[in-house]
Amino acid sequence: MKKEKYSIAVVGATGAVGNEMIKILEERKLPVGKLKLLASTRSAGSYIEFYNKDIKVEILDEDSFKGVDIGLFSAGGTVSEKFAPIAASAGCIVVDNTSAFRMDSQVPLVVPEVNPHAIAQYKKKGIIANPNCSTIQMVVALKPIHDVAGIKRIVVSTYQAVSGTGKKAIDELQDQTRDILSFQDVECNVYPHQIAFNCLPHIDIFLENAYTKEEMKMVNETRKILEDDSIRVTATTVRVPVFYSHSESVNIETEKKITADEVRNLLSQAPGVTVVDDPASARYPMAIDAAGKDDTFVGRIREDESIEKGINMWIVADNLRKGAALNAIQIAEILVREYI
């Protein structure tokens, strides 16, 4: 017999994504009987409002998950590596927003608009992985095209907001902008270089192949989510002085010829996608318009004139919502509706 209410835990409740998860749980009216807010000793003891009640943030420990149905994790990879298996062994289904389990063959990597069927695999380890924010918005837009025309190759360049790094990065951009406009020296604590009025082609660490870890996440996660290892993917990820919403320039080569008009029609009917594509009226997706929104916005759809079967597009989404918190809660909604 199905439950009427569910016990939900948010791990990393005081962080940027954790805060967003709590807001979205309330907005989407998930049937929450009890909400448990968990964080490190540094953040424990503070209060967060949920349905007009102040809930105290508790210290995360090995006993935190008794009686919890779903755990929404967003407190960093090392925390997930330690506590996700503990939570799962206590009967809690973990939806993990870190990279800790994404490429584990026994852990489904899920974007609900793309591969909701994969959620069923959670029973293997009790864990479902949330993909990288940049990957999520890209595959939401590419899945309908892949289904119709078959994608052979993807070339993506990202323009990623500082909120993807966390609150300290938001503060750093704010402080540096203020200091520059006041003719003061800037301090760089979060990023290796000034981020204000600058672009950094460097997200996460550099690997032996000269790509960054962020770039290789997009390569590997895209193939896993689309369930097609034959797709060739290359990525360049760039941090830009924007607070919220990631933007992406995406070029695809398809097996079958597909026109820009056909892509527009496909995407206008796709779940979770809003097409904004009227260049003559200067209408195209922008970070400031996507911030705070749930959909992935696609525009600048045009045929690549350098190859026979190519499409260019511009994809924008709020990295804290669809790129993280919302995607996790959409997974929780499917778990509640179909599995637990």
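If you're wondering where the values come from, they're calculated on a predicted model, not measured in any experiment.

Asker: Now, about helix α5 (residues 213-226): what can you tell me, with residues and values included?
Answerer: The terminal C-alpha atoms of α5, which comprises 14 residues, lie 20 Å apart, in line with the 20 Å expected from a rise of 1.5 Å per residue. As for α5, its buried residues are in contact with α3 (133-149), β8 (151-160), β9 (232-239) and β10 (246-254). Once α5 finishes, Glu227 follows within two positions and takes phi at roughly 55°, a positive value.

Asker: Would you mind going over the pattern of salt bridges in detail, with residue names and values included?
Answerer: Counted according to the given criterion, the structure contains 23 salt bridges. Its salt-bridge partner being Glu27, residue Arg321 comes within 2.7 Å of it at the nearest N-O pair. Of this pair, Arg321 sits in helix α8 (residues 321-339) while Glu27 is found in helix α1 (residues 16-27), placing the two residues 294 residues apart along the sequence. With a closest N to O distance of 3.0 Å, Asp171 and Lys167 form a salt bridge. Taken together, the residues Asp171 and Lys167, both in helix α4 (residues 167-181) and 4 residues apart, mark about one turn of the helix. We classify Lys167 as exposed; its relative accessible area is 55%. Through salt bridges with shared partners, a single ionic network connects Glu20, Lys23, Glu27, Arg28, Asp294, Arg321 and Glu333.

Asker: Please give an account of a nonpolar patch on the surface that cites residues and values.
Answerer: On the surface, Tyr284, Met286 and Ile288 cluster together into a nonpolar patch covering about 300 Å² of accessible area. Inspection of the secondary structure assignment puts Ile288 in helix α7 (residues 287-290). The class for Ile288 is exposed, based on a relative accessible area of 69%.

Asker: I'd like to hear about the packing of aromatic side chains, residue by residue, with values.
Answerer: According to the stated counting rule, one finds 4 aromatic pairs in the structure shown. The interplanar angle of 85° and the centroid separation of 5.9 Å between the aromatic rings of Tyr122 and Tyr339 together place this pair among those described as edge-to-face. Of the two residues, Tyr122 is situated in the loop between β6 (93-96) and β7 (127-129) and Tyr339 in helix α8; the sequence distance between them amounts to 217 residues. Residue Tyr122 is classed as buried on the basis of its relative accessible area of 9%. Seen in terms of ring centroids, Tyr159 and Trp314 are 5.3 Å apart; in terms of plane orientation they differ by 55°. Their pairing is tilted. Of this pair, Tyr159 sits in strand β8 while Trp314 sits in strand β13 (residues 310-317), placing them 155 residues apart in sequence. For Trp314, a relative accessible area of 22% translates into the label partly exposed.

Criteria and thresholds
Residues numbered from 1 in each chain as written. Predicted model: local features only at pLDDT ≥ 70, side-chain atom pairs only at ≥ 80, totals over all residues. Heavy atoms only, no water. Helix = DSSP H or I, 4+ residues; strand = E, 2+ residues; numbered from the N terminus. Expected span 1.5 Å × (residues − 1). Contact = heavy atoms within 4.5 Å. Salt bridge = Lys/Arg side-chain N within 4 Å of Asp/Glu carboxyl O. Buried < 20%, exposed > 50% of the residue type's maximum accessible area, 1.4 Å probe, protein only. Patch = residues over 30% accessible without salt bridge, like charges linked within 9 Å, V, L, I, M, F, W, Y side chains within 5 Å. Areas by Shrake-Rupley, 256 points an atom, 1.4 Å probe, with all protein chains shown as cover. Phe/Tyr/Trp six-rings, centres within 6.5 Å; stacked < 30°, edge-to-face > 60°.

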